[in-house]
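# A look at the structure
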Amino acid sequence: FLAARDGKVPESLQLYQNHLNWRETTFPIHLNTPGLQTILRKKAVSEIDIPSPDANPTVYVNYGTLNALQSSGTVTTQDVVQAFTICTERMLAENENPKAPRTVQFIDLSGVSMTSFRVDTLKQIYYTFEPNYPETLARMVIYPVSNLYSATARTLLSFVHARTQAKFLITNSLPTICQELGWDLAEVE
């Protein structure tokens, strides 16, 4: 919390108090919600298990599936935020470095056009995670995105804090992702 507010103690304490209030109103998350069950069952939000001593736990988002579920009205934005929260909480709790846990978020855009990108859902996720999980994001991978659409993706995400944007890897190169995340390319393929 202190690092997220550049070492400013009053702002950090306020952020922490807001976080405690959020936890009080957010947990427990009830797993009997139909939309949440659908997301988890379809693995639209899940974990990528890459055994590597250098790799951070990774939340995997099958954006095509998630977008289709939202478009059909099967799931809500709140269901999506809760699925992210459950996966993130579990991975942070199991992190090897409990004093400074980190996760990676891998957004898989395979088969998704930029015109179907739901910025409203991304904003809700961001506005939940930025104040409640500060400085836990190691990398945000958005894949595959051609060089042509990379600038468009960054423009769509302009609401994100500059320090967080610096952690984004928007690419169509699997070898680059593996190198950045410490994954074995042959195993991933």
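The structure this text deals with has already been given above.
Residues numbered from 1 in each chain as written. Predicted model: local features only at pLDDT ≥ 70, side-chain atom pairs only at ≥ 80, totals over all residues. Heavy atoms only, no water.

Moving on, we come to the environment of Gln-78. Looking at where Gln-78 falls in the secondary structure, it is placed in helix α4 (residues 77-93). For Gln-78, a relative accessible area of 44% translates into the label partly exposed. In the structure, Gln-78 is positioned 47 residues away from Ile-125 in sequence and 8.9 Å away in space, judged by C-alpha atoms. (Helix = DSSP H or I, 4+ residues; strand = E, 2+ residues; numbered from the N terminus. Buried < 20%, exposed > 50% of the residue type's maximum accessible area, 1.4 Å probe, protein only.)

Tracing the backbone through its elements, the reader meets Gln-70 in helix α3 (residues 63-71). Residue Gln-70 is classed as buried on the basis of its relative accessible area of 8%. Reaching out from Gln-70, the side chain makes a polar contact with the side chain of Thr-77 at a distance of 3.3 Å. (Polar contact = N/O pair within 3.5 Å; in protein donor to acceptor, adjacent residues only side chain to side chain.)

A few words now on the sheet that holds strand β4 (residues 137-143). Strands sit in the order β1-β2-β3-β4-β5 across an open sheet of 5 strands; the sheet is mixed. Both outer strands of the open sheet, β1 (45-48) and β5 (168-170), are each paired with one neighbouring strand and no more. Neighbouring strand axes in the sheet, compared pairwise and without regard to direction, differ in orientation by 20° on average. Sheet topology note: the strand β3 (residues 103-108)/β4 ladder contains 6 bridges and is parallel. Among the inter-strand pairings, Gln-105 is bridged to a residue of β4, identified as Met-140. (Pairing = 2+ DSSP bridges. Axes fitted to C-alpha atoms, helices over the stretch in contact; angles between N-to-C directions.)

Counting buried residues along strand β2 (residues 58-62), 4 of its 5 residues qualify, which places the element largely inside the surrounding structure. Here β1 runs beside β2; their pairing, made up of 4 bridges, is antiparallel. Note on β2: the bridge partner recorded for Val-45 is Val-61. As judged from the 5 bridges shared by β2 and β3, these two strands associate in the parallel manner. Note on β3: the bridge partner recorded for Val-61 is Ile-107.

Take the packing of helix α1 (residues 9-26) against helix α5 (residues 119-132) next. For the pair α1 and α5, interaxial distance at closest approach is 9 Å and the crossing angle is 120°. When the axes of α1 and α5 are compared, the pair comes out oblique. Within the contact between the two elements, α1 uses Leu-15, Asn-18, His-19 and Trp-22 and α5 uses Thr-128, Pro-131 and Asn-132. (Parallel < 35°, antiparallel > 145°, perpendicular 65-115°, else oblique. Contact = heavy atoms within 4.5 Å.)

Moving on, we come to the pattern of salt bridges. Side-chain pairing between opposite charges can occur once the charged atoms of the two side chains come close. Taken as a whole and judged by the stated rule, the model has 8 salt bridges. Arg-139 is the salt-bridge partner of Glu-180, the closest N and O atoms lying 2.7 Å from each other. You can see Glu-180 sitting in helix α8 (residues 174-181) and its partner Arg-139 sitting in strand β4, a full 41 residues away along the chain. For Glu-180, a relative accessible area of 43% corresponds to the partly exposed category. (Salt bridge = Lys/Arg side-chain N within 4 Å of Asp/Glu carboxyl O.)

On to α8. Listed in full, the buried residues belonging to α8 are Leu-174, Ile-177, Cys-178 and Leu-181. The buried residues of α8 occupy an angular sector of 95° when the element is viewed end-on, so they sit on one face. Elements in contact with the buried residues of α8: β3, β4, β5 and α9 (185-188). Backbone geometry just downstream of α8 places Gly-182 in the positive-phi region, at approximately 80°. (Arc of directions from axis to C-beta.)

Keep in mind these values describe shape, not function.
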